[in-house]
Amino acid sequence: MPTQEEILKMIKESGEKNEAMLAQAAKEDGMEIRSYILHASLHIEANVRHLLTQLLDYQDEQDDDGFNFAKRIWFLKALGTMSQEDASLLDAFREIRNKFIHEKAINSYEACFRALPERKELVIDLIKKDIATYPFKVNPGTEAEYLELGTRLLTDRAVEICQAVEKEVLARRKKRVHGELFERWWLRVHPAIYTPFG
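Draft legend 1. Representation of the packing of aromatic side chains in the model. Considering all chains together, one arrives at three aromatic pairs under this definition. Seen in terms of ring centroids, Phe100 and Tyr109 are 5.7 Å apart; in terms of plane orientation they differ by 75°. Their pairing is edge-to-face. Its end group placed over the ring of Tyr36, Arg152 keeps NZ or CZ at 3.9 Å from the ring centre.

Here is the structure:
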């Protein structure tokens, strides 16, 4: 019969073995990439949801009625808070996010962009434009590194778009509040204008 010390040693060894197997499985499944994309998505989607609630004076910020990220992007664009280009960039981020989060086989940037070739062109264009702004020559490295950098640039751009839309939403709210205050003031000062003939 094993001693308590031997049992503890076996448990520790088994735990270390399982931990190593899980770490290897996580690496093979692209969990580092997936966690980056998911983390960015949590913030971007929450920001888009919040912007709509602010713009529409809608109080419930929970997902409901199938009003998903794609519909929210379309709605913000339809309300004139962002350009078609910005809406397309957010939609590209959404598609990349969906590939990484919902498809187990998409475990690398190369696999993702094989499944989304039109988005590969977009991220490559983003990184080329970014590199062109540097006063020195930049070599991004391998295709995988190029795609990773491009995806990170797209993610940064999605955050910037949300920040710009937030400024637009706040400006609209401020304008609406100022309009309402002016109307109330005008009614108090000039009530005869709105008094019916009698």
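Draft legend 2. Examining the packing of helix H3 (residues 69-78) against helix H4 (residues 84-102) more closely. Contact geometry of H3 with H4 gives a least axis separation of 10 Å together with a crossing angle of 175°. Taken together, the axes of H3 and H4 are roughly antiparallel relative to one another. Across from Phe69, Ala70, Ile73 and Lys77 in H3, the residues of H4 making contact are Gln84, Ala87, Leu90, Asp91, Phe93 and Arg94. For the contact of H3 with H4, the class distribution of residues is six nonpolar, one polar and three charged.

Draft legend 3. Fine view of a nonpolar patch on the surface. Taken together, the side chains of Ile7, Leu8, Met10 and Ile11 present a nonpolar region at the surface, about 390 Å² in accessible area. Structurally, Ile11 is set in helix H1 (residues 4-28).

The rules behind each value
- Residues numbered from 1 in each chain as written.
- Predicted model: local features only at pLDDT ≥ 70, side-chain atom pairs only at ≥ 80, totals over all residues.
- Heavy atoms only, no water.
- Phe/Tyr/Trp six-rings, centres within 6.5 Å; stacked < 30°, edge-to-face > 60°.
- Lys NZ or Arg CZ within 6 Å of the ring centre and 35° of its normal.
- Axes fitted to C-alpha atoms, helices over the stretch in contact; angles between N-to-C directions.
- Helix = DSSP H or I, 4+ residues; strand = E, 2+ residues; numbered from the N terminus.
- Parallel < 35°, antiparallel > 145°, perpendicular 65-115°, else oblique.
- Contact = heavy atoms within 4.5 Å.
- Nonpolar A, V, L, I, M, F, W, Y, C, P; charged D, E, K, R; others polar.
- Patch = residues over 30% accessible without salt bridge, like charges linked within 9 Å, V, L, I, M, F, W, Y side chains within 5 Å.
- Areas by Shrake-Rupley, 256 points an atom, 1.4 Å probe, with all protein chains shown as cover.
- Salt bridge = Lys/Arg side-chain N within 4 Å of Asp/Glu carboxyl O.

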